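Coordinate analysis (summary)
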Amino acid sequence: LLKELKGLVYLSIMAYIQTTSFGPTQTIISKWNVTGQKEWSFGIDATGHLHYTLSDNVDSCIVTGTTAMTADSWHHVAVVYTKASAVGSADDDVTFYIDGVADTHDNYDCSAYGGMSDLTGPLSIGGRYNSTGPINATPFFGDIGQWAVTSNELTADQVLKSYNTTRQFYGL
């Protein structure tokens, strides 16, 4: 799968999360080495909003959701990324989902972002890899379950179906 992400047009990430607290940015899933090889990182910000960062290892694009989640509760979260056809386009699209419902996001501009490369940074669950310091930079404080990463563009119906068919395992 990770080899297929070169020249990526779509990227969808889903997981169940239960954070014990909010504080600094916490990473759910990433393909990001903090010392280089930066591609993408999906997590929550210090106030419980979904947070997605894309990088071409030079420029970054950061998108933040507008709905704050509650700590100590399970949530099904997803992000679907669609790359515009033009490199460096401001028309890249990011859609967040919380418990099967689309969340709005802040205004963002991905025009400096040139697109993903097939870098050698590892896929990490619960943090960003750091090859020169603490292994887990921006750790996730809590539990992560049933995660998935795909190079397909998931539809709203597919995200909702995933939530509805698995939520009973998390008391939702």
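What this report covers is the structure whose coordinates are included nearby. This one's a predicted model, so the numbers in the text were calculated from it and none came from an experiment.

**Things to note about the environment of Ala-156**
Relative to the helices and strands, Ala-156 is located in helix 1 (residues 156–166). Residue Ala-156 is classed as partly exposed on the basis of its relative accessible area, which comes to 40%.

**As for the pattern of salt bridges**
Under the criterion given, the structure shown has 1 salt bridge. Between Lys-31 and Glu-39 there is a salt bridge, with its nearest N and O atoms 2.7 Å apart. You can call Glu-39 buried: its relative accessible area is 1%.

**Notes on the sheet that holds strand 12 (residues 142–150)**
Reading across from one edge, 8-7-6-1-12 is the order of the 5 strands in this open sheet, with antiparallel pairing throughout. In the strand order of this sheet, the two ends are held by strand 8 (101–103) and strand 12, each with one partner. On average, adjacent strands in this sheet sit at an angle of 25° to one another, irrespective of strand direction.

Parameters at a glance
- Residues numbered from 1 in each chain as written.
- Predicted model: local features only at pLDDT ≥ 70, side-chain atom pairs only at ≥ 80, totals over all residues.
- Heavy atoms only, no water.
- Helix = DSSP H or I, 4+ residues; strand = E, 2+ residues; numbered from the N terminus.
- Buried < 20%, exposed > 50% of the residue type's maximum accessible area, 1.4 Å probe, protein only.
- Salt bridge = Lys/Arg side-chain N within 4 Å of Asp/Glu carboxyl O.
- Pairing = 2+ DSSP bridges.
- Axes fitted to C-alpha atoms, helices over the stretch in contact; angles between N-to-C directions.

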